[in-house]
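# Coordinates in review
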Amino acid sequence: CLLALSIIAMFRPYPTAADHGLMLAALLIPTEVLRESEKTFAFLTSGLLFGLSMFPTMTAVWLTRNAGNANFLYNMTLVINIFGCLLLSEWARSAIKLRRRMRLSAYCRQVVLSVVDDVLAGGSSKPRDVADGAASGDSDGLRRRK
């Protein structure tokens, strides 16, 4: 949901600072994802905020002082969109990495708990995925140590 909101905010035909502010606020909600990529996220956020703060300055230089041209606004729009897209892709990459790690830890926990349950119930001590005797030729290694 947050990713869809951010993609919509990035690719609007006439984006405003409020669109990017909403995107940034939505990306800051899941703190676990931010901890996954602290330095990169901070760098890209500072680049986005720089572009958003310089956009009104470039508009004022071009329209009120007649000192610049439309290329100033075009460059700031490029900076904002590039940093916004990089920020969004880094957030998605970190979220996928975190989700993969959580699934792996849940699977490992399930395997360990099933082995502990089998040992406590008096059954075999091998994981359910290992075929009988295929791993080491000994199907009941913990009982032999007694």
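The residue count restarts for each chain, going from 1 along the sequence in the order it is written. Restriction of local features to residues with pLDDT of at least 70 applies here, the model being predicted, together with a cutoff of 80 or more for giving and counting side-chain atom pairs; totals for whole chains, interfaces and linings are based on all residues. Only hydrogens and water are removed before side-chain values are computed, so all heavy atoms of the structure are retained for them.

## Quick notes on the nonpolar core
Test applied: Here the nonpolar core consists of buried residues drawn from Ala, Val, Leu, Ile, Met, Phe, Trp, Tyr and Cys, with membership extended through side-chain atoms lying within 4.5 Å. Buried means the residue's accessible area, taken with a 1.4 Å probe over protein chains only, is under 20% of the maximum for its type, while exposed means over 50%, and partly exposed covers the values in between. Secondary structure counts use DSSP, requiring at least four H or I residues in a row for a helix and at least two E residues in a row for a strand, with both numbered from the N terminus. Any two residues whose heavy atoms approach within 4.5 Å are treated as being in contact.
In terms of nonpolar packing, the biggest core is built from 15 residues, with Met23, Leu27, Phe41, Leu48, Leu87 and Trp91 touching the most fellow members. Those elements giving two or more residues to this core turn out to be α1 (2–10), α2 (17–27), α3 (31–36), α4 (38–63) and α5 (70–120). The greatest single-element share of this core, amounting to five residues, is contributed by α5. Beyond its immediate stretch of four places on either side in the chain, Leu87 contacts Met23, Leu24, Leu27, Phe41, Leu44, Thr45 and Leu48.

## Quick notes on the packing of aromatic side chains
Our working rule: Pairing of aromatic rings covers Phe, Tyr and Trp, the last through its six-membered ring, and needs centres within 6.5 Å; plane angles under 30 degrees mean stacked, over 60 mean edge-to-face, and all others mean tilted.
This model, assessed by the stated rule, comprises one aromatic pair. Taking the centre distance of 6.0 Å and the plane angle of 65° together, the rings of Phe43 and Phe83 count as edge-to-face. Placement of the pair is Phe43 in helix α4 and Phe83 in helix α5, with a sequence separation of 40 residues. A relative accessible area of 53% means that Phe43 is categorised as exposed.

## Describing the packing of α1 against α2
In a pair of packed helices, the angle between the axes and the distance between the axes together describe the arrangement. As a reminder, the rule being used: Note on geometry: axes are lines fitted to C-alpha atoms, helical ones only across the stretch in contact, with angles between N-to-C directions running from 0 to 180 degrees. Throughout, the term roughly parallel applies to angles under 35 degrees, roughly antiparallel to angles over 145, roughly perpendicular to angles from 65 to 115, and oblique to all others. If you view the pair so one helix is near and one far, a crossing is left-handed when the near helix is turned anticlockwise from the far one by less than a right angle, and right-handed when it is turned clockwise. When residues are sorted by character, Ala, Val, Leu, Ile, Met, Phe, Trp, Tyr, Cys and Pro go into the nonpolar class, Asp, Glu, Lys and Arg into the charged class, and all the rest, Gly among them, into the polar class.
It is at 9 Å that the axes of α1 and α2 come closest, and there the two elements cross at 160°. If you check the angle between α1 and α2, you find them roughly antiparallel. For the pair α1 and α2, the crossing hand works out as left-handed. Of the residues in α2, those in contact with Leu2, Leu5, Ser6, Ala9 and Met10 of α1 are Asp19, His20, Leu22, Met23, Ala26 and Leu27. Across the contact of α1 with α2, the residue classes break down as eight nonpolar, two polar and one charged.

## Here's the deal with the packing of α1 against α5
As a packed pair, α1 and α5 sit with axes 11 Å apart at the nearest point and diverge in direction by 170°. Taken together, the axes of α1 and α5 are roughly antiparallel relative to one another. Contact with α1, carried on its side by Leu2, Leu3, Ser6, Ile7 and Met10, involves Asn81, Gly84, Cys85, Leu88, Trp91 and Ala92 of α5 and no other residues of that element. Grouping the constituent residues of the contact of α1 with α5 by class yields eight nonpolar, three polar and no charged.

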